[in-house]
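# Structural characterization, general
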Amino acid sequence: VDTFTNEFRKGYTTVNGFSMPVGYRDFAETIENFEVKDDDIWVCSFPKTGTTWTQEMIWNIANNLNFEEARVPLSERFPFLEFTALFDYSSLKAAHPEKEFSQSVVNSVGFVKDKPSPRFIKCHLPFCLLPRQIRTGERKPKIIYVARNPKDTCISYYHHCQLLEGYRGNFDDFCRLFLGNKLNYTPYWDHILDFWKQKAHLNLLFLKYEYMKADLPAVIKKSAAFLDKTLSEDQVKTLAEHLNFANMKVNPAVNYEQAIIRSKKSFSIEGSFIRSGQIGQWKERMSDSMIQEFNRLMEEKFSDYDLIF
Ligand code: A3P
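Here's a quick rundown of the structure. Since we're looking at a predicted model, the values are computed, not measured.

### What about the site of the ligand?
Around the ligand, 18 residues are found, and the nearest of them are Thr 51, Thr 52, Ser 156, Ser 276 and Gly 277. Here an oxygen atom of the ligand sits 3.1 Å away from a polar atom, N or O, in the main chain of Gly 50. The side chain of Tyr 209 places a nitrogen or oxygen atom 2.8 Å from a nitrogen atom of the ligand. Within the complex, the protein chains bury 98% of what would otherwise be the 580 Å² of accessible surface of the ligand. Going through the elements one at a time, α2 (51–62) and α14 (245–249) are the ones with two or more residues in the shell around the ligand. Of the residues forming the shell around the ligand, the biggest block, three residues, is contributed by α2. For the shell around the ligand, the class distribution of residues is seven nonpolar, eight polar and three charged.

### Quick look at the environment of Leu 205
As for its placement among the helices and strands, Leu 205 is situated in strand β7 (residues 204–208). Not counting the four nearest positions on each side in its chain, Leu 205 is found in contact with Ile 143, Ile 144, Tyr 145, Lys 222, Ser 223 and Phe 226.

### Some details on the nonpolar core
Grouped together as the largest cluster of nonpolar side chains are 58 residues, with contacts concentrated most on Trp 42, Leu 81, Met 286 and Phe 294. Beyond its immediate sequence surroundings of up to four residues, Met 286 is in contact with Lys 151, Cys 154, Ile 155, Phe 171, Cys 175, Ile 291 and Phe 294. Grouped together as the second largest cluster of nonpolar side chains are 34 residues, Ile 58, Ala 62, Phe 120 and Phe 226 included.

### Some words on the sheet that holds strand β6 (residues 142–147)
Here four strands make up an open sheet; going across it, the order is β5-β4-β6-β7 and the pairing parallel. At either margin of the open sheet sits one strand with a lone partner, and together these are β5 (120–123) and β7. With strand direction ignored, the average angle separating the axes of adjacent strands in the sheet is 20°. Here β6 pairs with β7 via five bridges, running parallel. Directly across from Ile 144, in β7, lies its bridge partner Leu 205. Across the sheet, α2 lies against β4 (41–45), β5, β6 and β7, angled at about 165° from β4, the strand it touches most.

### Quick notes on the pattern of salt bridges
Should the charged atoms of two oppositely charged side chains come close, the side chains can pair. All told, the structure shown has 13 salt bridges when counted by the stated rule. We note a salt bridge from Glu 32 to Arg 135, for which the minimum N-O separation is 2.9 Å. With a gap of 103 residues between them, Glu 32 in helix α1 (residues 25–32) and Arg 135 in helix α7 (residues 132–135) connect regions that are remote in the sequence. Glu 233 is the partner of Lys 221 in a salt bridge, and the nearest nitrogen-oxygen pair spans 3.2 Å. Placement of Lys 221 in helix α12 (residues 216–226) and of Glu 233 in helix α13 (residues 233–242) is noted, with a sequence separation of twelve residues between them. The partly exposed category is assigned to Lys 221, whose relative accessible area is 39%. The class for Glu 233 is exposed, based on a relative accessible area of 56%. Among the charged side chains, a network of salt bridges with common partners joins Glu 32, Arg 132 and Arg 135.

### Remarks on the pairing of β6
In terms of residue burial, β6 counts as a mostly covered element, since six of its six residues are buried. Here β6 shows two buried faces, one formed by Lys 142, Ile 144 and Val 146 and the other by Ile 143, Tyr 145 and Ala 147. Here β4 pairs with β6 via five bridges, running parallel. When the sheet's bridge partners are listed, Val 43 is paired in β6 with Ile 144.

Conventions and cut-offs
Residues numbered from 1 in each chain as written. Predicted model: local features only at pLDDT ≥ 70, side-chain atom pairs only at ≥ 80, totals over all residues. Heavy atoms only, no water. Near = heavy atom within 4 Å. Polar contact = N/O pair within 3.5 Å; in protein donor to acceptor, adjacent residues only side chain to side chain. Areas by Shrake-Rupley, 256 points an atom, 1.4 Å probe, with all protein chains shown as cover. Helix = DSSP H or I, 4+ residues; strand = E, 2+ residues; numbered from the N terminus. Nonpolar A, V, L, I, M, F, W, Y, C, P; charged D, E, K, R; others polar. Contact = heavy atoms within 4.5 Å. Core = buried A, V, L, I, M, F, W, Y, C linked by side-chain atoms within 4.5 Å. Buried < 20%, exposed > 50% of the residue type's maximum accessible area, 1.4 Å probe, protein only. Pairing = 2+ DSSP bridges. Axes fitted to C-alpha atoms, helices over the stretch in contact; angles between N-to-C directions. Salt bridge = Lys/Arg side-chain N within 4 Å of Asp/Glu carboxyl O.

Structure, rendered in structure tokens:
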């Protein structure tokens, strides 16, 4: 384990080659020994790849489009396993003494553990840091992994870090942090590949953000089949409508508006979590040399596998 710093967050730790927040160490053992249940439903991803979109889709399919219940914040319905490891809770509490934080923030692993079954679990952990019972195949929960074009993911991560983590550097420098594996959960290539290689051994559905953009109804049907659910054409249409960008952007159960309000106060910056939802923004945003560097790494990492972005 070693630590390093970058401009906007201090104290990362490298675990099995992945950059993790230092707070992860406090949870590493509990997560390793986490008791997984076969009827758990996990959404695993690298940050900014469409996790929230996928979670809302999966939760609604599994809960028979219960839009009434879906008004409960996603972070409570579909909690983020290692969330508490990502920040310093005592500083957060000190900055917002008036706020009562949910257990999903105060002790996210404990919160997930105690949820009634079937539990819905989000995590950004790389495959090698998932609970042992999943890695060894002792438990076979349903896992949905979502991946996204690395260049678009990097742009989205840049905006996320500006908005929620106080990043103040420029975009080029951020790309260097991404390529240099100095951001939480990097290297992204290995994050994707490790899940991709496990496809045959896990109960895994591999999705891509780009498929969801191209044909959401088809992805809804595929996901429903994976969850052993049957949806009528009307239900598919209704769910696709619920999940469209404009609706998600204004849906307070999924748009993290409370966190954004707190962030705006801390970092004096405007923005929204559900930001622009586009494919190919890298064409306008990235310099030619940065595009070449991304392409080189994608070629090097993905060319032996059937992985195209
Ligand atoms: P952008 O920043 O490119 O807009 P995550 O949930 O993994 O953090 O991913 C966030 C990204 O998914 C953001 O990308 C966000 O806008 C996008 N997203 C969220 N809901 C979406 C939807 N309904 N349609 C398209 N993109 C969506």
